[in-house]
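For reference, the chains in residue letters:
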Amino acid sequence: MIVGLLTGRGGNSTLPDKNVFPVLGKPLMSYVAESASRARLLDRIFVSTEDAKIRAVGADLGLEIIDRPEEFARPDSEHDECLMHAVEYIAEKGIEVEILVVLMCNVGIQPEGKIDECVQALLDDPELDAAVTVREWGDHHPTRAKRASDDGLLNPILDVSPSVTTTRQLLGNCYYLDHQVWALRVSGCFKGDGQPPWRFMGQRVKGIPNGDIVVDVHGLDEIRYTELWLRGTAEGQ
């Protein structure tokens, strides 16, 4: 079975209740749930949370609720902990999850069709462990990244060769996961031997490019950008 799983927890420090924060009159997570409901290839849609407000919104949206244990809902909890708990919870109901499509409650920007595109990539290539949406971002190539010392001085995060070019076009392609969609083949994931830092995704991870800039919401700036994108999308329909 192909299962959609929204994930979100309460107790957010940067923007309290961000997952249910009102965005153009609706809770942020509702845009994620609506996107999942439009996907052709999802058989069931769940939400994993320990938070009463997220549970209530999820129930109103017709999602199946998974009560996440508190030990998997701490600020320092790893994401794969709640994912593995969800797979086990669903298995106890007699449902074998073949593909788990992870959708974060705080990503209100949902370009159309990307859920199905990620799932279809796994269906078309049985050797893939995961298919995830990505953004090409050459301006943010890792060779350009800096870390600040206590006195504000910058140093490269990576061990960069002194001869590395400053010309973006010569650095090669650079993709970042934008966290709209993670489609995971359960049999190939959660072994702990995948590509860091998301080691649960396995080794063979396909990037599905997104033309839109997708952001996961952590503060009011991302809320404003999400609203701009939603208004623009509505006007374009």
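Refer to the structure presented above.
Description of the structure in this document.

Thresholds, definitions, all that
- Residues numbered from 1 in each chain as written.
- Predicted model: local features only at pLDDT ≥ 70, side-chain atom pairs only at ≥ 80, totals over all residues.
- Heavy atoms only, no water.
- Helix = DSSP H or I, 4+ residues; strand = E, 2+ residues; numbered from the N terminus.
- Buried < 20%, exposed > 50% of the residue type's maximum accessible area, 1.4 Å probe, protein only.
- Salt bridge = Lys/Arg side-chain N within 4 Å of Asp/Glu carboxyl O.
- Pairing = 2+ DSSP bridges.
- Right-handed = clockwise from strand over helix to strand, strands pointing away.
- Core = buried A, V, L, I, M, F, W, Y, C linked by side-chain atoms within 4.5 Å.
- Contact = heavy atoms within 4.5 Å.
- Polar contact = N/O pair within 3.5 Å; in protein donor to acceptor, adjacent residues only side chain to side chain.
- Arc of directions from axis to C-beta.

Describing the environment of Ser 37
With respect to the element layout, Ser 37 can be found in helix H1 (residues 28-38). Note on Ser 37: relative accessible area 52%, which makes it exposed. For the pair Ser 37 and Leu 61, spaced 24 residues apart in sequence, the C-alpha to C-alpha distance is 9.6 Å.

Let's talk about the pattern of salt bridges
The tally for this structure, following the rule as stated, stands at eleven salt bridges. Between Arg 55 and Asp 67 there is a salt bridge; the shortest N-O distance is 3.7 Å. Highlighted residues: Arg 55 in helix H2 (residues 52-60) and Asp 67 in strand E5 (residues 64-67), separated in sequence by twelve residues. The closest approach of N and O atoms between Arg 74 and Asp 76, which form a salt bridge, is 2.9 Å. Look at Arg 74 and you get partly exposed, because its relative accessible area is 37%.

Details of the pairing of E5
With four bridges joining them, strand E4 (residues 44-49) and E5 adopt parallel strand pairing. Across the sheet, the residue bridging to Val 47 is Ile 65, located in E5. Crossover connection from E4 via H2 to parallel E5: handedness right-handed.

Points about the environment of Ala 131
By the element assignment, Ala 131 lies in strand E7 (residues 130-136). The sequence separation of Ala 131 and Gly 207 amounts to 76 residues, and the corresponding C-alpha distance is 5.9 Å.

A short note on the pairing of strand E1 (residues 2-7)
Within E1, six of the six residues are buried, which leaves it mostly tucked inside the rest of the structure. Burial of the side chains of E1 extends over both faces: Ile 2, Gly 4 and Leu 6 are buried on one face and Val 3, Leu 5 and Thr 7 on the other. With six bridges connecting them, E1 and strand E6 (residues 99-104) associate as parallel partners. Bridge pairing in E6 places Val 3 opposite Leu 100. Two elements, E1 and E4, share five bridges in a ladder whose sense is parallel.

Quick word on the nonpolar core
Nonpolar side chains tend to gather and get buried jointly when the protein is soluble and globular. Leu 83, Leu 100, Trp 182 and Leu 184 are the most contacted members of the largest nonpolar core, which totals 36 residues. Of all the secondary structure elements, the ones that give two or more residues to this core are E1, H1, helix H3 (79-92), E6, E7, strand E10 (175-185) and helix H5 (220-236). In this structure Leu 100 touches Val 3, Leu 5, Leu 83, Val 87, Trp 182, Ala 183, Leu 184, Val 186 and Phe 190, once residues within four positions along its chain are discounted. Listed in part, the 29 residues of the second largest apolar core include Met 29, Leu 42, Cys 105 and Cys 118.

Regarding the side chain of Thr 49
Within the fold, Thr 49 resides in strand E4. In this structure the side chain of Thr 49 is engaged in a polar contact, spanning 3.0 Å, whose partner is the backbone nitrogen of Asp 51. Residue contacts for Thr 49: discarding those within four places in its chain leaves Gly 8, Arg 9, Ile 54, Arg 55, Ile 66, Asp 67 and Arg 68.

Some points on H2
Since one α-helical turn is 3.6 residues long, residues separated by three or four positions face the same way. All of the buried residues along H2 are Ile 54, Val 57 and Gly 58. Down the axis of H2, the buried set is contained in an arc of 100°. They therefore lie on one face. For H2, the elements touching its buried residues are strand E3 (26-27), H1, E4 and E5. Taking the backbone nitrogen of Lys 53 as reference, a side-chain oxygen 3.1 Å away marks Asp 51 as the first, capping residue of H2. Two residues or fewer past H2, Gly 62 is found with a positive phi of approximately 85°.

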